[in-house]
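What follows is the residue order along each chain.
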Amino acid sequence: MLDKSFDPKTAEPRLYARWEASGAFSPTEDPSAEPFSVVIPPPNVTGSLHIGHALNNTLQDVLIRFERMRGKAALWLPGTDHAGIATQMVVERQLAAEGNLGRRDMGREAFLERVWAWKAESGGTITRQLRRLGASCDWSRERFTLDEGLSAAVRKVFVTLHKQGLLYRDKRLVNWDPHLQTAISDLEVEQREVDGHFWRFAYPLEDGSGEIVVATTRPETMLGDTAVAVNPKDERYAHLVGKQVRLPIVGRLIPIVADDYADPEKGSGAVKITPAHDFNDFQVGKRHGLEMINILDDFGCISDAAPDAYRGLDRFVARKKVVAEFEALELLRGIDPTRHVVPHGDRSGVVVEPYLTDQWFVDAATLAKPAIAAVEDGRTVLEPAAWSKTYFEWMRNIEPWCVSRQLWWGHRIPAWYGPDGTVFVEESEAEARAAAAAHYGTETPLRQDDDVLDTWFSSGLWPFSTLGWPEETADLKRFYPTHTLVTGFDIIFYWVARMMMLGMHFTGEVPFRRVFFNALVRDASGKKMSKSKGNVMDPLDLIDSYGADALRFTLTAMSGQGRDIKLSTQRIEGYRNFGTKLWNASRFCQVNGCVRVEGFDPASAKGAVNRWIIGETARTAAAVTEAIAGCSFDEAASLLYRFIWNTYCDWYVELSKPVLNGADLDAQAESRATAAWVLDVILKLLHPVMPFLTEELWDQTADLGAARTEPLLISARWPDLSALAPDPAAAAEVGLVIAAIAEGRSVRSELNVPLGARPPLLVVEADAAQSAVLAAYAPVIGQMLRVSEVRVEASAPTGAIPFVVQGATLALPVAEFIDLAAEKARLAKEIAGLAATADQTRRKLDNPDFVARAPEEVVEENRERLAEAEAARERLQAALARLS
RNA sequence: GGACGUGUAGCUCAGCGGUAGAGCACCUCGUUGACAUCGAGGGGGUCACAGGUUCGAUCCCUGUCACGUCCA
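Summary of the structure given here. (Residues numbered from 1 in each chain as written. Chains lettered and ligands numbered in written order. Predicted model: local features only at pLDDT ≥ 70, side-chain atom pairs only at ≥ 80, totals over all residues. Heavy atoms only, no water.)

1. As for the overall build of chain A
- Counting its secondary structure elements, chain A contains 29 helices and 29 strands.
- Taken over the C-alpha trace, chain A has a radius of gyration of 37 Å; the compact-globule value for 884 residues is 29 Å, which it surpasses by more than 25%.
- The C-alpha extent of chain A, read off along each of the three principal axes, is 115 × 65 × 55 Å.
- A burial count over chain A gives 54% of its 884 residues as buried.
- Summarising the internal contacts of chain A: among those between residues at least 6 apart in sequence, 77% fall at separations of at least 24. (Helix = DSSP H or I, 4+ residues; strand = E, 2+ residues; numbered from the N terminus. Rg over C-alpha atoms; globule rule 2.2 N^0.38 Å. Buried < 20%, exposed > 50% of the residue type's maximum accessible area, 1.4 Å probe, protein only. Contact = heavy atoms within 4.5 Å.)

Dropping the structure here:
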């Protein structure tokens, strides 16, 4: 006997262990099985599972379990990302909190040891948590972006791109994070709108003939000014072009140049030019051959290129000092408050500086072309399709990708420098030495590049590097390209685009045929959840409280495409209850001897109720299959919910009770077999979304009735019921019974007929078929509607309460229980509703255009509706008249 | 400033040309041998607004307003 309810706490770990031990997580080795592969978006190795992961991985697991059951060689390849900046920051914070030396004082080797130790300590957390969610990943294939194989792939890609001229070293302005002391990519910069000021400075002309006023939001950068620009069309300044100004504080003579960049409408129309600290000024500087003076150091302090008094000052301290000095010099011409956007590092949160350094860049524009084409021609399909536009927009305007980071945790750049700065890019130090020896003609000491690669460089290789590339492994052959990538749209540029570019370039094929962008789970105010904002939710707590299945069902049901998800525990509770409902339906089956029957053929069932539920089951199976295959996960969840609760539990089980307790043993046997058969189908259909509860029921019903071929549900075959033809006659029959019971209950309830009252149900006006059906179902109608019998009667006795169901008039003689006013009100309400329907429909049919142009079946439908409404109204009106 | 998305019952959201739906919340009734993590019934909506297309618009088109996200 089943317990009263499912106990996730004890069942989940037990079942997960059984699955894993059974080998079900690894793809079948049957060569005839169609491959279906998914690579996990690798979570940060030292991270922990947040609700976004829970959603993302639930959907992947739904897909994988579904395809596995469909007989495919389903591979879900798990792994983790070393997450360069994020992990390094965590460890540095730990060091600081413990009062230890900072990483610079520790030195590279000691620091990395410390990071690896942290990885060893916390690296298992997230994968343990994925197991608790029920993720059926193939753990035997687990990878890590810094493992040996993936590191080799990274080096191979770096060297190859370099030799192809698609990756190069360049001195350019980059976004510099002074807190982390590293370059970051454009994507890692967050533009924040903040309050600031425009300071207007007067620069005196060298010849003493006056001054020119410039405005800036960053006064300290004037220390690096090397020109003032005015628009060539600006007549106010035409006579000044070519003259020089003496830069206050610094004393440097700088030219006034004519450049379109200066906007005559803005401020004074003249702009200061700091080529080393502003992206626009950099371009102006290049056009005019201006000197580029770097006045900052790695920490965002003023460098030795500035006057003594400023050296070593923090940039914001220097800002104040510059303003004060201009004021003292009487060269400050005004301060205007302004709201402007300032770039901030998305990790550190500090203001980033445009900074002139040597970095490695990938020629993204070239790599983007085949990646764009692959989405254009549908080799990779993005869903929801709206994201294609975002993808194209970004890819068609892509800038060189700065891939070097001044960090220590990551893939060290495989570039070695000779004493004269000549660079040797090779996959190993030995090869670099050989190349250097060939270059210099003698063994020459080399120094490896200190920098590491952007984390996204290695994750960009993920779909093929994890399968063994560059080796021609069996996995690579069988599972690449992967089938579906499930990820958040927030990393469409960081990750999806890069995988497309690198995948196309290195394998000649798309990395995945389909990308499904799942919704983003946001906090109550619609903000993206992130650790730095401190607004993350813990799915582990939710699993503890409600079970993994309830959380999974909730996330699946709420995963509507392109929607943000705001999670509520109420909703999870509701789906936990749904699981309990199914559990108890199984319990009902067990109690009533509804067990599998050897050789039961649903197509040959005779009872209408059984034929009806079998048809509904087949319809649901087909719809759920289509929904999951098409990534309409919310649709699948809602189909399952409605079918299991409303159709199977509320109606089928209830309608079957009299048969199960009845004397007709053949009918009873058929109902038992049918109930058990439907339940097995339900367990299979629900398994991808609620794997634990369904597996447990599968297990606990294993010994009941005929043996199953599959001991574990995870490995069972997905139901294909397409051969079962629906039975419209059975559906109509059961539909009438359901409607009669529902309507009758409504009447009883509205008129407050006591529950104990057991009047007969009178069939007053109905066609022969309807009368026969209602009579045949008398036992169940009696039980569900609490009536003594179903009796055909030529006319309703005085005081009987009439109601109309599918054109038939039924009546409940309950006059003694009710008060006339309540019944009059009920009838009046019914009549008004029917009159409204009739009016609306008649207006439609009176419109000749409608009759002429609308499809025949729509017109017919409306005619029927009108006739039915009219007939029902007349009967109820007559009843109302009798009461008065 | 551009792009995209969203405005449907008190809340969270489905529906997206042919009689407005679900869950939760709310109200009434109910421990009848699967289930109170439950059952039965009920109230509650000019489908943001304004035009247009159509026989017919919550659904398609245009505009407006509000909110959100991304990119400048």
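2. Thoughts on the protein's contact with RNA strand B
- What surrounds RNA strand B is a group of 41 residues, the closest being Gln 570, Thr 580, Trp 645, Arg 853 and Pro 855.
- At 2.4 Å, a side-chain N or O of Thr 580 approaches a base oxygen of RNA strand B.
- Residue assignment for the surface near RNA strand B shows that the elements contributing at least two residues are α19 (569–591), α21 (633–660), α24 (728–750), α27 (820–846), α28 (848–853) and α29 (856–883).
- Examining the composition of the surface near RNA strand B, we find that 10 residues originate from one element, α19, more than from any other.
- Class assignment for the residues of the surface near RNA strand B results in 12 nonpolar, 10 polar and 19 charged. (Near = heavy atom within 4 Å. Polar contact = N/O pair within 3.5 Å; in protein donor to acceptor, adjacent residues only side chain to side chain. Nonpolar A, V, L, I, M, F, W, Y, C, P; charged D, E, K, R; others polar.)

3. Some remarks on the sheet that holds strand β18 (residues 415–417)
- Pairing in this open sheet of 3 strands is antiparallel, and the strands run β19-β18-β20 from one edge to the other. Strands at the two margins of the open sheet, each flanked by one partner only, are β19 (423–425) and β20 (447–448).
- Of the pairings in the sheet, the one linking β18 to β20 comprises 2 bridges and is antiparallel in character. Directly across from Tyr 417, in β20, lies its bridge partner Arg 447.
- Set on the sheet, helix α12 (residues 429–440) makes contact with β18 and β19; between it and β19 the angle comes to about 140 degrees. (Pairing = 2+ DSSP bridges. Axes fitted to C-alpha atoms, helices over the stretch in contact; angles between N-to-C directions.)

4. Focus: the pattern of salt bridges
- Scanning all chains against the criterion turns up 48 salt bridges.
- A salt bridge links Arg 14 to Glu 696; the nearest nitrogen and oxygen atoms lie 3.0 Å apart. Highlighted residues: Arg 14 in helix α1 (residues 8–22) and Glu 696 in helix α23 (residues 691–700), separated in sequence by 682 residues.
- Residue Glu 696 is classed as buried on the basis of its relative accessible area, which comes to 5%. (Salt bridge = Lys/Arg side-chain N within 4 Å of Asp/Glu carboxyl O.)

5. Notes on the nonpolar core
- In this structure, Tyr 391, Phe 457, Leu 551, Trp 612, Tyr 648, Leu 655 and Ile 781 are the most contacted members of the largest nonpolar core, which totals 198 residues.
- Per element, the largest residue contribution to this core is 14 residues, and it comes from α21.
- Ignoring sequence-local partners within four residues, the contact set of Leu 655 consists of Val 609, Trp 612, Val 734, Val 737, Ile 738, Ile 741, Val 780 and Met 784.
- Ile 254, Ile 295, Ala 306 and Ala 318 belong to the second largest nonpolar core, which has 37 residues in total. (Core = buried A, V, L, I, M, F, W, Y, C linked by side-chain atoms within 4.5 Å.)

6. Describing the sheet that holds strand β14 (residues 353–362)
- Sheet architecture is open: 4 strands sit in the order β6-β5-β14-β16, paired in antiparallel fashion. With one partner strand each, in any of the chains shown, β6 (182–184) and β16 (401–402) form the two edges of the open sheet.

7. So, the side chain of Thr 841
- For Thr 841, the location among the structural elements is in helix α27.
- Of the residues examined, Thr 841 reaches a relative accessible area of 3% and is grouped as buried.
- Within the local environment of Thr 841, its side chain forms a polar contact with the backbone oxygen of Thr 837, the two atoms lying 2.6 Å apart.
- Those residues within four positions of Thr 841 in sequence are excluded, and the remaining contacts are Asn 862, Arg 865 and Leu 866.

8. Observations concerning α29
- For α29, which comprises 28 residues, the first-to-last C-alpha distance of 41 Å matches the rise-based estimate of 40 Å (1.5 Å per residue) to within 8%.
- Regarding α29, the residues found buried are Val 859, Asn 862, Leu 866, Ala 869, Glu 870, Ala 872, Leu 876 and Ala 879.
- Against the buried residues of α29 lie β28 (800–805), α27 and α28. (Expected span 1.5 Å × (residues − 1).)

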